[in-house]
Every structure is written in C-alpha cells, then in structure tokens.
Amino acid sequence: MKKILVLLFVSIFTYAESTFSNPQPTFDEPRKVAIQLYDSDLKKVDHNLSTIYNILKEYPEESLKVVVIAYGNGVRALKKDYDKRSLTRINSLMEYDVEFIVCRNTMETMKWTESDFIDDVSYVQAGIVELVERQVAGYVGVIAY
C-alpha cells in the first residue's frame, strides 16, 4: 500500500510540473509573451489578467518577459477611471515586471491624454505596429479570449 501511495504521489508530481520546450527558458533567453488587449469588456479584461497570472505561475520569474499591448477599445482598461478591482490587478502585475503599453493613435482619436491613464504604463504611436515588431523580435503573440 505504501509503495502505491509513493508511486501515485510521484506520478502526480511528475505530471503537475510544466515541461518547457527546448531551448529551455533562461535569464539570457527568456520566454517572451505579448498579450493583445483590444477590448475593454470587463469579463474579457479579467480573463486576460488571469491568463497573465497563470503564465507567471508556471515560469521562473527570471526566465519570462510579458508585455500587454493595449490598442483600440482595450486602451480603456488602462484608464484611471476603469474598474478598480481590475486596476488593482494590473498594478499587481506591474510589480512582477509585466509591461503595459498604450496606443497613442487610440488616445488621440478619443482625445485622451497621459494624465487619463494609470501610472507606469508606456506609450507607442501604434499599438498594432508594436505588436508586430514584438513578434518579429521573438515575442509570442497571445489573444487570451
């Protein structure tokens, strides 16, 4: 009976661990993930944030870079007047070095300024171009919903 329990425990532990493809992610060669945020629907934003938390749980911190590129309607999710719970989660992710980027083209269309947005976001002229360039630079583009 004892052997069966040990075998069961080892089996569960073995299958519970994530296996990473080669080359393994390292400090010098981290996994790079670009999350597209183009919708501000609260359920979709929360799903995106949960997806990021799941990614962070699986990879060692030093072997992962995550960037969230907000463009179109998704830019609203990074405004100071967005859902407080979601903004708390976003600020928490920033503490784990998740980078959030806002599209200036969307800002200009909506007549928003940097003062409308939460602290510590970055800005690019065209969010979709940033996404393309990140993918060229080796980031995996993810649409979480």
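Residues numbered from 1 in each chain as written. Predicted model: local features only at pLDDT ≥ 70, side-chain atom pairs only at ≥ 80, totals over all residues. Heavy atoms only, no water.

**Here we look at the packing of aromatic side chains**
- Per the counting criterion, the structure on display carries four aromatic pairs.
- Plain terms: the ring middles of F20 and Y59 are 4.6 Å apart, the flat faces sit at 20 degrees to each other, and that makes the pair stacked. Taken together, the positions of F20 in the loop between α1 (2–16) and β1 (31–37) and Y59 in the loop between α2 (42–58) and β2 (64–70) put the pair 39 residues apart, joining distant regions of the chain.
- With a centroid separation of 6.3 Å and 80 degrees between ring planes, the pair formed by F117 and Y123 is classed as edge-to-face. (Phe/Tyr/Trp six-rings, centres within 6.5 Å; stacked < 30°, edge-to-face > 60°. Helix = DSSP H or I, 4+ residues; strand = E, 2+ residues; numbered from the N terminus.)

**A closer look at the side chain of R89**
- Among the secondary structure elements, R89 is positioned in helix α3 (residues 84–95).
- Looking at R89, the relative accessible area reads 14%, which means it is buried.
- Ignoring sequence-local partners within four residues, the contact set of R89 consists of D46, L49, S50 and Y53. (Buried < 20%, exposed > 50% of the residue type's maximum accessible area, 1.4 Å probe, protein only. Contact = heavy atoms within 4.5 Å.)

**A closer look at the pattern of salt bridges**
- Under the defined criterion, the tally for this structure stands at seven salt bridges.
- In this structure, the salt-bridge partner of D46 is R89, at a minimum N-O distance of 3.5 Å. Of the two residues, D46 is situated in helix α2 and R89 in helix α3; the sequence distance between them amounts to 43 residues.
- Salt-bridge contacts for R134 lead to E99; the nearest nitrogen and oxygen are separated by 3.5 Å. Within this pair, whereas R134 is found in helix α5 (residues 127–136), its partner E99 is found in strand β3 (residues 99–103), the two being separated by 35 residues in sequence.
- Given the relative accessible area of 14%, R134 is considered buried.
- A relative accessible area of 29% means that E99 is categorised as partly exposed.
- In this structure, a network of salt bridges that share partners links the residues D46, R85 and R89. (Salt bridge = Lys/Arg side-chain N within 4 Å of Asp/Glu carboxyl O.)

**With respect to the confidence of the model for the protein chain**
- In the predicted model, the protein chain carries a mean pLDDT of 89, and 88% of its residues have values of at least 70.
- Note that pLDDT drops below 50 for residues 2–16; the model gives that stretch zero contacts with residues more than four away or on any other chain. (pLDDT = per-residue confidence, 0-100.)

**Notes on the environment of I55**
- Here I55 lies in helix α2.
- In sequence terms I55 and V33 are 22 residues apart; their C-alpha atoms lie 9.1 Å from each other.

**Comments concerning the sheet that holds β1**
- Read across the open sheet, the five strands follow the order β4-β3-β2-β1-β5; overall the sheet is parallel. The open sheet has two edge strands with one neighbour each: β4 (122–124) and β5 (140–142). With direction set aside, neighbouring strand axes in the sheet form an average angle of 30 degrees.
- Here three bridges tie β1 to β5, and the two strands are oriented parallel to one another. (Pairing = 2+ DSSP bridges. Axes fitted to C-alpha atoms, helices over the stretch in contact; angles between N-to-C directions.)

**Quick word on the packing of α2 against α3**
- Packing of α2 against α3 brings their axes to within 11 Å, and their N-to-C directions diverge by 25 degrees. Judged by the inter-axis angle, α2 sits roughly parallel to α3. As α2 runs across α3, the sense of the crossing is left-handed. Here α2 contributes L42, D46, L49, S50, I52, Y53 and L56 to the contact with α3, which in turn contributes R85, S86, R89, I90, S92 and L93. (Parallel < 35°, antiparallel > 145°, perpendicular 65-115°, else oblique. Left-handed = near helix turned anticlockwise from the far one by under 90°.)

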